Amino acid sequence: MTVNYQLDVSSGNPLLFLKLLSRWRGSIWKSVAGDLAVWLVFYYAVHFAYRYAFSAEIRTYVIMYYKTFGSCRIFEKVSVHMDDRMKYLPLTFMLGFFVTTVFERWRSALNVMPFIESVALSVAVLLPGKGEEDRLTRRAIIRYVVLHQVLVFRDISMRVRRRFPTLQYVVDAGFMEPEERDELEAVCCSPGQNYWVPINWANSLALEAHARKLIDQPTAFNNLVLAIKEFRVAMETLIKFDSIPIPIAYPQVVFLAVRVYFTICIISRQFLISDLKSKTQMDWPIPIMSILEFIFVIGWMKVAEVLLNPLGEDDDDFEVNWIIDKNISTGMAIVDDTHGYHPNLVNDKFADPNYLPAYSEKSQLPRTLTGSAAKVELAAENDAVKIVRVNPEDAPPTSAKQPDRPGLETLNEENEPASNQFRRGDRIYSSDSGKSKGRQSSEDSGKNHV
């Protein structure tokens with residue numbers, strides 16, 4: 001079941017943060033405890049073997065090599081070499097990019113997880129009849145839609161598969177009748193699956209209700225079919241996520257890189273007792289920094305492993321069995337138990353013009369949401385504000401390379417154009433000049449014609 005910790009992070013109180021860290025189910029401690037124990041076993045095995053079990057012959061080259069080059073210990077040179085070359089592993093980049101990709105798929109799967117409310121509310125409104133046949137039609141449509149979800153989840157979720165190992169368990173649970181099971185198994189659509197059959201039954205019921213005028217308007221019938229379609233498309237998206245995962249080479253290279261990195265750390269993080277330079281200047285009996293790095297990096301990788309299949313059996317995977325139970329109970333309540341019911345109309349308290357919001361004594365009063373500049377006063381109410389008319393062509397230059405343009409001018413009586421003039425851009429033209437030019441051009445054209 002998904003671990004809910006929202007209450008633990010309802011505020012920034014440090015005690016709440018410590019309470020969050022103390023969780024075990026779905027926590028980083030549970031995910032890395034086994035791997036860390038195995039890593040420490042191998043680390044201390046190498047540690048004690050290097051300190052106490054290796055003989056002088058094992059720790060050195062052959063005698064000839066030893067006499068020629070001096071006390072060159074194989075293990076220590078390998079340790080220094082590995083510790084120096086570990087920087088070539090782009091571990092954080094690979095892991096960070098991979099976790100981001102996996103999280104986007106996980107969030108997409110969460111966003112398309114279908115709930116029955118939209119379909120059930122549409123069925124209840126668009127099939128409003130009060131008769132027994134109307135009621136059975138509404139219930140059958142909801143049951144077929146949830147049956148479609150059960151059939152899909154059986155093939156993409158181990159939790160649902162364990163709940164319904166065979167179709168007989170689906171029949172015993174009430175999602176399907178025995179004759180409906182026979183009809184479902186009789187459908188041959190190889191290659192492919194018969195997930196679509198219950199949706200086809202629901203659409204056929206809607207079409208029959210429309211033909212018998214239980215659904216009056218064609219638009220109402222269309223809206224009901226679209227609601228069922230949206231549910232089916234959401235389930236189809238989940239099928240795609242399960243059938244076409246991230247290319248296997250991607251998680252392989254990331255998981256292999258992380259485990260190879262910490263396998264090398266078993267040797268490279270040992271404290272060297274010889275004169276060879278070791279990055280660790282203190283001989284700690286417990287590799288504290290290496291353990292912290294192991295917890296953070298392996299925990300980061302475990303997050304990706306959990307998110308790879310959100311329909312699996314991890315603590316933080318989607319609780320699809322609960323979704324199935326919730327959908328069937330909610331859908332039947334909407335289309336049958338509470339269909340056509342509403343409380344009596346009354347004059348509510350909000351009609352009182354003196355009504356004030358009500359809060360309990362221990363509740364936190366809300367803060368008024370206002371704009372960040374709403375309380376800034378730049379002028380008093382009675383101040384005379386000088387209004388400036390702006391021509392876009394007179395705007396100041398945005399860069400030093402543009403030529404200077406005249407600044408903004410206040411349009412008063414002195415620079416306003418006269419009655420026989422008009423302004424275009426930053427120039428003033430005379431209407432008489434235009435007329436005289438027009439007469440002159442017509443005379444010139446007449447002379448040329450003659």
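A quick note: this is a predicted structure, and the numbers were derived from the prediction, not measured.

K.L.:
Would you mind showing me how to read the overall build of the protein chain here?
P.N.:
Each helix and strand counted, the protein chain has 17 helices and 2 strands in total. Looking at the protein chain as a whole, 30% of its 450 residues qualify as buried. Counting contacts in the protein chain only where the partners sit at least 6 residues apart, residues at least 24 apart contribute 70% of the total. Total accessible area on the protein chain is roughly 30,600 Å²; 59% of this is exposed by carbon and sulfur atoms.

K.L.:
What am I meant to see in the side chain of Lys326 here?
P.N.:
In this structure, Lys326 sits in helix α16 (residues 320–337). Aside from chain neighbours lying at most four places away, what touches Lys326 is Phe115 and Glu117.

K.L.:
Looking at this structure, I do not really get helix α7 (residues 117–126). What am I missing?
P.N.:
Because an α-helix packs 3.6 residues into every turn, residues spaced three or four apart end up facing the same way. Those residues of α7 lying buried are Val119, Ala120, Val123, Ala124 and Leu126. Of the surrounding secondary structure, the elements contacted by the buried residues of α7 are α8 (132–156), α13 (218–243) and α16.

K.L.:
Looking at this model, I keep getting lost on the UniProt feature "transmembrane region" (unreviewed entry) in the protein chain. Mind explaining?
P.N.:
Taken from the UniProt record, the annotation "transmembrane region" (unreviewed entry) applies to residues 28–46 and 88–106. Overall, residues 28–46 shows 100% helix and 0% strand. The separation of its end C-alpha atoms is 26 Å. The straight-line gap between the two end C-alpha atoms of residues 88–106 is 30 Å; of that span, 84% is helix and 0% is strand.

K.L.:
Could you clarify how one ought to interpret the packing of helix α12 (residues 196–211) against α13 in this entry?
P.N.:
Between two packed helices, what matters for the description is the angle formed by their axes and the separation of those axes. It is at 10 Å that the axes of α12 and α13 come closest, and there the two elements cross at 175°. As the angle between them shows, α12 and α13 are arranged roughly antiparallel. Seen from α12, the contacting residues are Ile199, Ala202, Asn203, Ala206, Leu207 and His210; seen from α13, they are Pro218, Phe221, Leu224, Val225, Ile228 and Arg232. Of the residues contributing to the contact of α12 with α13, the split by class is 9 nonpolar, 2 polar and 1 charged.

K.L.:
Looking at this structure, I do not really get a negative patch on the surface. What am I missing?
P.N.:
A cluster of acidic side chains, namely Glu177, Glu179, Asp182 and Glu183, defines a negative patch on the protein surface. Tracing the sequence through the fold places Glu177 in the loop between α10 (167–172) and α11 (178–186). Taking the relative accessible area as the measure of exposure, Glu177 reaches 35% and is therefore partly exposed.

K.L.:
Would you mind going over the nonpolar core with me for this structure?
P.N.:
Here is a general trend for soluble globular proteins: nonpolar side chains tend to be buried in one another's company. Val119, Ile142, Phe153, Phe175 and Phe262 are the most contacted members of the largest nonpolar core, which has 84 residues in total. Among the elements that make up this core, the one with the highest residue count is α8 (12 residues). Taken together, domain 1 (6–55 + 69–111 + 247–307) and domain 2 (113–243) each give at least three residues to this core, which thus spans both.

K.L.:
How should the pattern of salt bridges be read in this particular structure?
P.N.:
Oppositely charged side chains are able to pair whenever their charged atoms sit close together. Tallying each qualifying case throughout the model produces 21 salt bridges. Notably, a salt bridge pairs Lys302 with Asp35, separated by 3.3 Å at the nearest N-O pair. With Lys302 in helix α15 (residues 288–308) and Asp35 in helix α2 (residues 28–53), this pair connects stretches of sequence that are 267 residues apart. Given a relative accessible area of 14%, Lys302 falls into the buried group. Across the salt bridge formed by Arg212 and Glu133, the nearest N and O atoms sit 2.8 Å from each other. Of this pair, Arg212 sits in the loop between α12 and α13 while Glu133 sits in helix α8, and the two are 79 residues apart along the sequence. Here Arg212 falls in the partly exposed class, since its relative accessible area comes to 34%. Since its relative accessible area comes to 45%, Glu133 is described here as partly exposed.

K.L.:
Where do I start with a nonpolar patch on the surface in this structure?
P.N.:
Nonpolar side chains collect at one region of the surface, where Leu15, Phe17, Leu18, Leu21, Trp24, Ile28 and Trp29 lie side by side and expose about 720 Å² of accessible area between them. Those elements giving two or more residues to the nonpolar patch turn out to be α1 (14–21) and α2. Of the residues forming the nonpolar patch, the biggest block, 4 residues, is contributed by α1. Of note, Leu15 is situated in helix α1.

K.L.:
I'm lost on the packing of aromatic side chains in this one. Help?
P.N.:
To describe a pair of aromatic rings, one takes the distance between the centres and the angle between the planes. All told, the structure shown has 14 aromatic pairs when counted by the stated rule. On the basis of an interplanar angle of 20° and a centroid distance of 6.4 Å, the ring pair of Phe93 and Phe97 is categorised as stacked. In this pair, Phe93 and Phe97 both sit in helix α6 (residues 91–112), 4 residues apart, roughly one turn of the helix. Of the aromatic side chains, those joined through ring pairs into one cluster are Trp39, Tyr43, Tyr44, Phe48, Tyr261, Phe262 and Phe294.

K.L.:
For this particular structure, what's the right way to read the packing of α6 against helix α14 (residues 249–268)?
P.N.:
For the pair α6 and α14, interaxial distance at closest approach is 10 Å and the crossing angle is 140°. In terms of orientation, α6 and α14 fall into the oblique class. Helix-helix and strand crossings are classified by hand; for α6 and α14 the assignment is left-handed. Side by side, α6 and α14 meet where Leu91, Met94, Leu95, Phe97, Phe98 and Thr101 of the first sit next to Tyr250, Pro251, Val253, Val254, Phe255, Ala257, Val258 and Tyr261 of the second. Split into classes, the residues belonging to the contact of α6 with α14 amount to 13 nonpolar, 1 polar and no charged.

K.L.:
Would you explain unusual backbone geometry in this entry?
P.N.:
The phi angle of most residues is negative, glycine excepted, and most peptide bonds adopt the trans form. Within the chain, Lys213 stands out as a residue other than glycine whose phi angle is a positive 65°. Mapped onto the elements, Lys213 comes out in the loop between α12 and α13.

K.L.:
Explain the environment of Phe262 to me, please; I cannot follow it from the model alone.
P.N.:
As for its position among the elements, Phe262 is in helix α14. Distance in space between the C-alpha atoms of Phe262 and Tyr43 is 10.0 Å, their sequence separation being 219 residues. Those residues in contact with Phe262, other than ones at most four positions away along the chain, are Trp39, Glu293, Phe294, Val297 and Ile298.

K.L.:
Quick question: what am I supposed to make of the environment of Ala140 here?
P.N.:
Within the element layout of this structure, Ala140 appears in helix α8. Taking the C-alpha atoms as reference points, Ala140 and Leu205, separated by 65 residues in sequence, lie 8.2 Å from one another.

K.L.:
Where do I start with the confidence of the model for the protein chain in this structure?
P.N.:
Keep in mind that low pLDDT regions are not for reading the predicted coordinates in detail. Here the protein chain averages 81 in pLDDT, and 81% of its residues register 70 or above. A low-confidence stretch, residues 61–72 stays under pLDDT 50, and its non-local contacts, those more than four residues away or across chains, total 10 contacts.

What counts as what
Residues numbered from 1 in each chain as written. Predicted model: local features only at pLDDT ≥ 70, side-chain atom pairs only at ≥ 80, totals over all residues. Heavy atoms only, no water. Helix = DSSP H or I, 4+ residues; strand = E, 2+ residues; numbered from the N terminus. Buried < 20%, exposed > 50% of the residue type's maximum accessible area, 1.4 Å probe, protein only. Contact = heavy atoms within 4.5 Å. Areas by Shrake-Rupley, 256 points an atom, 1.4 Å probe, with all protein chains shown as cover. UniProt positions renumbered as here; feature names shortened; annotations may be inferred. Axes fitted to C-alpha atoms, helices over the stretch in contact; angles between N-to-C directions. Parallel < 35°, antiparallel > 145°, perpendicular 65-115°, else oblique. Nonpolar A, V, L, I, M, F, W, Y, C, P; charged D, E, K, R; others polar. Patch = residues over 30% accessible without salt bridge, like charges linked within 9 Å, V, L, I, M, F, W, Y side chains within 5 Å. Salt bridge = Lys/Arg side-chain N within 4 Å of Asp/Glu carboxyl O. Lys, Arg positive; Asp, Glu negative; His and termini not counted. Charge placed at Lys NZ, Arg CZ, Asp CG, Glu CD. Core = buried A, V, L, I, M, F, W, Y, C linked by side-chain atoms within 4.5 Å. Domains from an automatic or database assignment. Phe/Tyr/Trp six-rings, centres within 6.5 Å; stacked < 30°, edge-to-face > 60°. Left-handed = near helix turned anticlockwise from the far one by under 90°. pLDDT = per-residue confidence, 0-100.

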